[in-house]
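Residue-level listing of the chains:
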Amino acid sequence: MDCKTDFIDYCDTGYFSRLMTDYLREDPSLKPFYTYSPTNPDFSGAMAARDAFPTDRALLTRELGSQYKGMEVHERLRENLELLERPDTYTVCTAHQPNLFTGYMDFVYPVLHAVKLAAFLPEKYPGKHFVPVYYMGSEDADLEELGTVHVEGRTYRWQTGQRGAVGRMAPEGLAAMIDQVAERLGVDGPAAEL
């Protein structure tokens, strides 16, 4: 299938903060706050830095494997867990705090990017292995951060008096907000599946 793509520079979207666009433009005033270029990353340098840091790979794979106990595990996941035990394997990590309805598109893109980057890097570094890793920072998230959904220009908030980590909250009041969002989306097409 032929398809045409167009690219818009992040800085031209109007979506990102000035801090983010300055970072992407590699403003010299921000250099003390990061090690690797966001536009021309030094993977060799990152790999060398990682090699200098001792890692208990057996413990890592055992703990990650335990998270899948009792679940059917895809063969590729099993292979990746085995690769993590090898000293010539590196991880491509991304993280996200949960949001209602998975949150914004900036949830999907980093995950896909980590998977694609882990598939690309072995071409650049033959003999090295790369495993994409996604982890969710759910216990420190608060309601202000993730209790809001924006749908078609409207903002919906989870109305609850609970406080603390959202991962420990009871879902009281959440159904009412979901009903409001569902009403806005309608019942046709992808809305029904969502």
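Up top you'll find the structure we're talking about.
Relative to the helices and strands, threonine 21 resides in helix H1 (residues 18–24). Excluding its chain neighbours within four sequence positions, the residues that come into contact with threonine 21 are Cys11 and Phe16.

For the rest of this paragraph, the subject is the environment of methionine 20. Locating methionine 20 in the fold gives a position in helix H1. Owing to a relative accessible area of 34%, methionine 20 belongs among the partly exposed residues under this scheme.

Our next topic: the environment of lysine 4. Considering the arrangement of structural elements, one finds lysine 4 in the segment before H1. In the structure, lysine 4 is positioned 180 residues away from arginine 184 in sequence and 32 Å away in space, judged by C-alpha atoms.

What follows is about helix H4 (residues 75–83). Restricting attention to buried positions, one finds in H4 the residues Asn80, Leu81 and Leu83. Down the axis of H4, the smallest arc covering the buried residues is 160°, so these residues share one side. Looking at the packing, one finds that the buried side of H4 touches helix H3 (57–66), strand E1 (89–96) and strand E2 (129–136).

Now for the nonpolar core. Residues Leu100, Leu143, Leu146, Val149, Val151, Tyr156, Trp158, Val166, Met169, Leu174, Met177 and Val181 constitute the largest nonpolar core, which totals twelve residues. When residues of this core are traced back to their parent elements, those giving at least two are helix H6 (143–146), strand E3 (148–151) and helix H7 (174–185). Leucine 100 has contacts with Leu146, Gly147, Thr148, Val149, Trp158, Leu174 and Met177, leaving out every residue within four places of it along the chain. Counting ten residues, the second-largest nonpolar core is a separate cluster that includes Val92, Ala114, Ala118 and Tyr125.

Quantified by volume, the largest pocket comes out at close to 1,900 Å³. Broken down by secondary-structure element, the contributors of at least two residues to the lining of the largest pocket are H1, helix H2 (43–51), H3, E1 and helix H5 (105–124). The element contributing the most residues to the lining of the largest pocket is H5, with nine residues. In terms of residue class, the lining of the largest pocket is made up of 29 nonpolar, nine polar and five charged. Tyr68, Leu77, Pro132, Val133 and Tyr134 are, among the 20 residues lining the second largest pocket, the residues nearest its centre. Among the elements that take part in the lining of the second largest pocket, E2 stands out by supplying six residues, more than any other. Its residues placed into classes, the lining of the second largest pocket shows 16 nonpolar, three polar and one charged.

Calculation criteria
Residues numbered from 1 in each chain as written. Predicted model: local features only at pLDDT ≥ 70, side-chain atom pairs only at ≥ 80, totals over all residues. Heavy atoms only, no water. Helix = DSSP H or I, 4+ residues; strand = E, 2+ residues; numbered from the N terminus. Contact = heavy atoms within 4.5 Å. Buried < 20%, exposed > 50% of the residue type's maximum accessible area, 1.4 Å probe, protein only. Arc of directions from axis to C-beta. Core = buried A, V, L, I, M, F, W, Y, C linked by side-chain atoms within 4.5 Å. 1 Å grid on protein atoms, 1.4 Å probe; cavity = no way out; pocket = protein on both sides within 12 Å on 5 of 7 lines; lining within 4 Å. Points joined across faces, edges and corners; volume = space filled by probe spheres on them. Nonpolar A, V, L, I, M, F, W, Y, C, P; charged D, E, K, R; others polar.

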